[in-house]
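# Coordinates in review
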Amino acid sequence: MATNTPLADLSAAGVSIWLDDLSRQRIESGNLSSLIEDDEVVGVTSNPTIFASAFADADHYAEDLDGFAARGASVEDAIRELTTEDVRRACDVFRGVWQRTGGVDGRVSLEVDPGKAHDTEATVAEAADLWKTVDRPNLMIKIPATREGIPAITRTLAQGISVNVTLIFSVDRYREVMDAYLTGMEQARANGHDLTGMASVASFFVSRVDSEVDKRLDAIGTEAALNLRGTAAIANARLAYAAFLEVFGTERWASLKGAGAKPQRPLWASTGVKNKAYPDTLYVTELVAPNTVNTMPEATLRAFADHGELHGDAVSGTEEAAREVFASLAHVGIDVDDVYQVLEDEGVKKFDDSWAELTETVSDQLSRRSPEQAK
């Protein structure tokens, strides 16, 4: 049972709290288990940046790295084995949550190689391979919501594989993601898969929207522009939630629900506040709504545990006000479509760069441990 009131209250408000971090140290130290027991954490997400950071601390991977070096394993094989093993073990830690929530939570996410973000066929193939390799029912495969990622989402779901759709920035792209989900689930049903065991979330990135828009507002520099700083991200997410309620209120969804499907919940990602002028719990307090997930870095989790405040559902019924924010942004000269494209391109590149960093780290560790190096 959680002992922290703000986090317990957040969970009671319908927000599933997931941790946006994963490492072997968290698993082996019992930290991940304690977060479940004491802090209402019911899921975990990973990405290439998180793994690059985790593997920088090689001590917790020393035995595995020694084994890889001794048998001459490739860097690619070593990375695959290390990441899938961490995710498999995390899935086991969350197994009880998965069972208790009927498969809604207790999920662990593993991302496909970001270098394949613009290759539909490669993404589909890797998603299936990762699903088979980890071999845990509470796994989610993360697929980026690029133009090429949209059909990959559908095809992966059609195979009975649970999906976390990542790097969503615009409501228009989010609608495509939801359609891809519904189509994928319809195909999964036609293919004979049990929909009750499947789940999906749509990871809508938050703080990065404010970072990009605020930079442009600062450049415009007018009083009207400066007054709009810190408004875009929350308004964007609130419009996404309105779209979620609309799509999952349709007859098309009702048919899938009748077959045991779960709704694809909005997941608020990138919720660590990057501008120190804003409250450090901003993207938690202002995005409380039923049937959502908030995946937080531990610093944000601790901040909310310490001084987080809830004011009820902060999202439902805010669509009109959110639209007014975007009308004001357009009026002062913000091209939001360009903002979204820049953020998507940057998001893919950041994960690709992190994957390169991860590759370099593991390559260096294997080189140090190679039999030739020991001579």
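Structure: above.
Below you will find a few notes about this structure.

Conventions we followed
- Residues numbered from 1 in each chain as written.
- Predicted model: local features only at pLDDT ≥ 70, side-chain atom pairs only at ≥ 80, totals over all residues.
- Heavy atoms only, no water.
- Core = buried A, V, L, I, M, F, W, Y, C linked by side-chain atoms within 4.5 Å.
- Buried < 20%, exposed > 50% of the residue type's maximum accessible area, 1.4 Å probe, protein only.
- Helix = DSSP H or I, 4+ residues; strand = E, 2+ residues; numbered from the N terminus.
- Contact = heavy atoms within 4.5 Å.
- Pairing = 2+ DSSP bridges.
- Axes fitted to C-alpha atoms, helices over the stretch in contact; angles between N-to-C directions.
- 1 Å grid on protein atoms, 1.4 Å probe; cavity = no way out; pocket = protein on both sides within 12 Å on 5 of 7 lines; lining within 4 Å.
- Points joined across faces, edges and corners; volume = space filled by probe spheres on them.
- Nonpolar A, V, L, I, M, F, W, Y, C, P; charged D, E, K, R; others polar.

Our focus in this paragraph is the nonpolar core. Grouped together as the largest cluster of nonpolar side chains are 124 residues, with contacts concentrated most on Leu22, Val87, Tyr174, Leu329 and Val362. Here this core takes eleven residues from helix 13 (residues 232–247), the largest share from any one element. Aside from chain neighbours lying at most four places away, what touches Leu329 is Val213, Leu217, Leu228, Ala232 and Ile334.

Considering the arrangement of structural elements, one finds Leu358 in helix 18 (residues 336–369). On the accessibility criterion, Leu358 (0% relative accessible area) is buried. Placed 309 residues apart in sequence, Leu358 and Thr49 show a C-alpha to C-alpha distance of 8.1 Å. Aside from chain neighbours lying at most four places away, what touches Leu358 is Phe51, Ala52, Phe55 and Ile79.

Attention shifts here to the side chain of Glu111. Among the secondary structure elements, Glu111 is positioned in strand 3 (residues 107–111). A relative accessible area of 6% places Glu111 in the buried class. Residue contacts for Glu111: discarding those within four places in its chain leaves Ser46, Asn47, Pro48, Leu130, Lys142, Thr166 and Phe351.

The backbone of Leu167 shows a phi angle near 60°, a positive value even though the residue is not glycine. Checked against the element boundaries, Leu167 lands in strand 5 (residues 163–168). On the basis of relative accessible area, Leu167 is assigned to the buried category, the value being 2%. Positioned with a positive phi, Asn291 is a non-glycine residue whose angle comes to about 60°.

Our focus in this paragraph is the sheet that holds strand 8 (residues 292–296). Taken in spatial order, the eight strands line up as 1-2-3-4-5-6-7-8 and close into a barrel, and their pairing is parallel. Strand-to-strand twist in this sheet, taken as the mean axis angle between neighbours without regard to direction, amounts to 30°. With five bridges connecting them, strand 1 (residues 15–19) and strand 8 associate as parallel partners. Bridge assignment links Trp18 to a residue of strand 8, and that residue is Thr295. Here helix 8 (residues 120–134) sits on the sheet and contacts strand 3 and strand 4 (139–144); the angle it forms with strand 4, its principal contact strand, is near 160°.

On a regular strand, each side chain points to the face opposite its neighbour's, so the side chains alternate between the two faces of the sheet. Among the six residues in strand 6 (residues 200–205), six count as buried, and that is most of the element. Of the two faces of strand 6, both are covered, the one formed by Ser200, Ala202 and Phe204 as well as the one formed by Val201, Ser203 and Phe205. Of the pairings in the sheet, the one linking strand 5 to strand 6 comprises four bridges and is parallel in character. Across the sheet, the residue bridging to Ile168 is Phe204, located in strand 6.

The subject of this paragraph is empty space enclosed by the protein. Gaps between atoms show up when a probe of the same size as a water molecule is rolled over them. Counting across every chain of the model gives one cavity of 30 Å³ or more. Roughly 70 Å³ of internal volume is contained in the largest cavity. In terms of lining, the largest cavity is formed by Ser46, Asn47, Pro48, Phe51, Arg80, Thr83, Leu110, Glu111, Glu126, Leu130 and Trp355. Going through the elements one at a time, helix 4 (48–55), helix 6 (75–93), strand 3 and helix 8 are the ones with two or more residues in the lining of the largest cavity. Here the residues of the lining of the largest cavity are counted per class, giving five nonpolar, three polar and three charged.

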